[in-house]
Amino acid sequence: MKARYQRKSQKQRQQELIDAGIRCLGEGGMSGFTIDRICQQAGISRGLINHHFKTKDELLLRIYDRMTEHLVLAPTSIEPTTQLQEIIDASFDDNTFEKSNLRAWLAIWGQVATEQSLRSLHEQRYGEYKKRISACLRKIAKANSLDVNVGSVARQFIALIDGLWLEYCLHSHSFSLKTARRDCYAFLNASFGETWAEEVTSSK
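Residues numbered from 1 in each chain as written. Predicted model: local features only at pLDDT ≥ 70, side-chain atom pairs only at ≥ 80, totals over all residues. Heavy atoms only, no water.

Enquirer: What's the story with the overall build of the protein in this structure? I'm lost.
Expert: Of regular secondary structure, the protein possesses 10 helices and 0 strands. Along the chain direction, N to C, the helices and strands of the protein fall in the order α-α-α-α-α-α-α-α-α-α. A principal-axis box enclosing the C-alpha atoms of the protein has dimensions of 60 × 45 × 35 Å. Taken over 204 residues, the protein has a buried fraction of 40%. Here the contacts in the protein between residues at least 6 apart in sequence split such that 68% fall between residues at least 24 apart. Surface exposure of the protein reaches about 11,700 Å², of which carbon and sulfur atoms provide 49%. Counting 28 positive and 24 negative side-chain charges, the protein places the averaged centre of each group 7 Å from the other. (Helix = DSSP H or I, 4+ residues; strand = E, 2+ residues; numbered from the N terminus. Buried < 20%, exposed > 50% of the residue type's maximum accessible area, 1.4 Å probe, protein only. Contact = heavy atoms within 4.5 Å. Areas by Shrake-Rupley, 256 points an atom, 1.4 Å probe, with all protein chains shown as cover. Lys, Arg positive; Asp, Glu negative; His and termini not counted. Charge placed at Lys NZ, Arg CZ, Asp CG, Glu CD.)

Right, dumping it as structure tokens:
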């Protein structure tokens with residue numbers, strides 16, 4: 001006979017708490033990010049959460065780490081144009097661009113300004129993210145003999161993505177995922193010429 005109950009590993013429990021924390025942030029912002037609500041969402045007792053995370057701030061750090069993970073993953077291609085396509089696709093896939101996830105992002109961004117540990121992690125992740133994008137843009141500019149301020153374009157590109165996230169969070173019916181992707185490609189093509197072909201920019 002199969003065992004009726006299965007003990008979950010520490011990694012599984014931590015993942016459940018991280019997922020529950022993201023849902024709480026998406027539903028109620030930082031005011032909804034309470035131990036009681038997180039435990040209720042995860043279906044565990046209040047006392048068990050301290051076994052996996054010493055403080056709520058530690059859990060918030062792990063949540064931020066999880067939510068930014070896709071931004072700094074190792075690329076699947078050496079081609080810089082393909083790498084930027086991966087970033088655009090990851091930024092505007094159905095899961096990332098789900099409204100509750102965007103509300104969770106807004107809640108965390110609000111904490112970055114006041115929480116030193118979270119700000120340090122944000123600066124590290126943002127630095128890695130910008131470095132990856134800048135490296136791709138630099139290679140594209142060199143390959144096409146273009147005189148482009150890569151640092152400026154990278155900042156504008158990231159700001160465009162962040163701005164689209166914010167706009168969609170506030171006005172979800174104003175544009176679609178396809179439109180958001182096409183806006184990103186239009187910006188890049190304006191800076192680097194028609195590097196991204198029409199079949200790529202309108203494929204999703």
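Enquirer: What am I meant to see in helix α8 (residues 150-170) here?
Expert: Over its 21 residues, α8 runs 30 Å from end to end, which matches the ideal 30 Å to within 8%, given 1.5 Å per residue. Restricting attention to buried positions, one finds in α8 the residues Val150, Ser152, Val153, Ala154, Phe157, Ile158, Ile161, Leu164, Trp165, Tyr168 and Cys169. (Expected span 1.5 Å × (residues − 1).)

Enquirer: Any chance you could explain the packing of helix α4 (residues 56-68) against helix α7 (residues 116-143) here in plain terms?
Expert: The geometry of a pair of packed helices is captured by two quantities: the angle between their axes and the separation between those axes. Axis separation between α4 and α7 bottoms out at 10 Å; the angle between their running directions is 15 degrees. Considered as vectors, α4 and α7 are oriented roughly parallel to each other. In this structure, α4 crosses over α7, and the sense of that crossing is right-handed. Between α4, through Leu60, Leu61, Tyr64, Asp65 and Thr68, and α7, the contact on the second element is made entirely by Ser117, Leu118, Leu121, His122 and Arg125. A per-class count over the contact of α4 with α7 returns 5 nonpolar, 3 polar and 2 charged. (Axes fitted to C-alpha atoms, helices over the stretch in contact; angles between N-to-C directions. Parallel < 35°, antiparallel > 145°, perpendicular 65-115°, else oblique. Left-handed = near helix turned anticlockwise from the far one by under 90°. Nonpolar A, V, L, I, M, F, W, Y, C, P; charged D, E, K, R; others polar.)

Enquirer: Explain the nonpolar core here, please?
Expert: In summary, soluble globular proteins display a tendency toward joint burial of nonpolar side chains. Core analysis: the largest hydrophobic core is formed by 58 residues, its most contacted members being Leu84 and Phe92. Secondary structure elements with two or more residues in this core: α1 (10-28), α2 (35-42), α4, α5 (80-91), α6 (99-112), α7, α8 and α9 (177-192). If one sorts the elements of this core by residue count, α8 sits on top with 10 residues. Once residues within four sequence positions are removed from consideration, leucine 84 is found in contact with Ile133, Cys136, Leu137, Ile140, Phe157, Leu188 and Trp196. (Core = buried A, V, L, I, M, F, W, Y, C linked by side-chain atoms within 4.5 Å.)

Enquirer: When you look at the packing of aromatic side chains in this model, what are you seeing that I'm missing?
Expert: Note on aromatic pairs: each is described by the distance of the centres and the angle between the planes. If you walk through the whole model with that rule in mind, you get 6 aromatic pairs. Here tryptophan 109 and tryptophan 165 contribute two aromatic rings whose centre-to-centre distance is 6.1 Å and whose plane-to-plane angle is 20 degrees, an arrangement assigned as stacked. Placement of the pair is tryptophan 109 in helix α6 and tryptophan 165 in helix α8, with a sequence separation of 56 residues. For tryptophan 109, a relative accessible area of 27% translates into the label partly exposed. Look at phenylalanine 157 and phenylalanine 187: their rings are 6.4 Å apart centre to centre, the planes differ by 15 degrees, and that puts the pair in the stacked class. Taken together, the residues phenylalanine 157 in helix α8 and phenylalanine 187 in helix α9 connect sequence positions 30 residues apart. (Phe/Tyr/Trp six-rings, centres within 6.5 Å; stacked < 30°, edge-to-face > 60°.)

Enquirer: Honestly, the environment of tyrosine 129 in this entry has me stumped. Any pointers?
Expert: Along the chain, the position of tyrosine 129 falls in helix α7. Residue tyrosine 129 is classed as buried on the basis of its relative accessible area, which comes to 5%. For tyrosine 129 and threonine 68, which are 61 residues apart along the polypeptide, the C-alpha to C-alpha distance reads 9.0 Å.

Enquirer: Help me understand α2, please; the structure alone is not making it clear to me.
Expert: Note that an α-helix has 3.6 residues per turn; residues three or four places apart therefore point the same way. Burial in α2 covers these residues: Ile35, Ile38, Cys39 and Ala42. Projected down its long axis, α2 shows its buried positions confined to an angular sector of 95 degrees, all on one face. In α2, the exposed positions that point more than 90 degrees away from the buried face belong to Asp36 and Gln40. Turning to α2, the residues buried within the fold contact α1, α3 (46-52) and α4. Of the residues trailing α2, glycine 43 is marked for its positive phi of about 70 degrees. (Arc of directions from axis to C-beta.)

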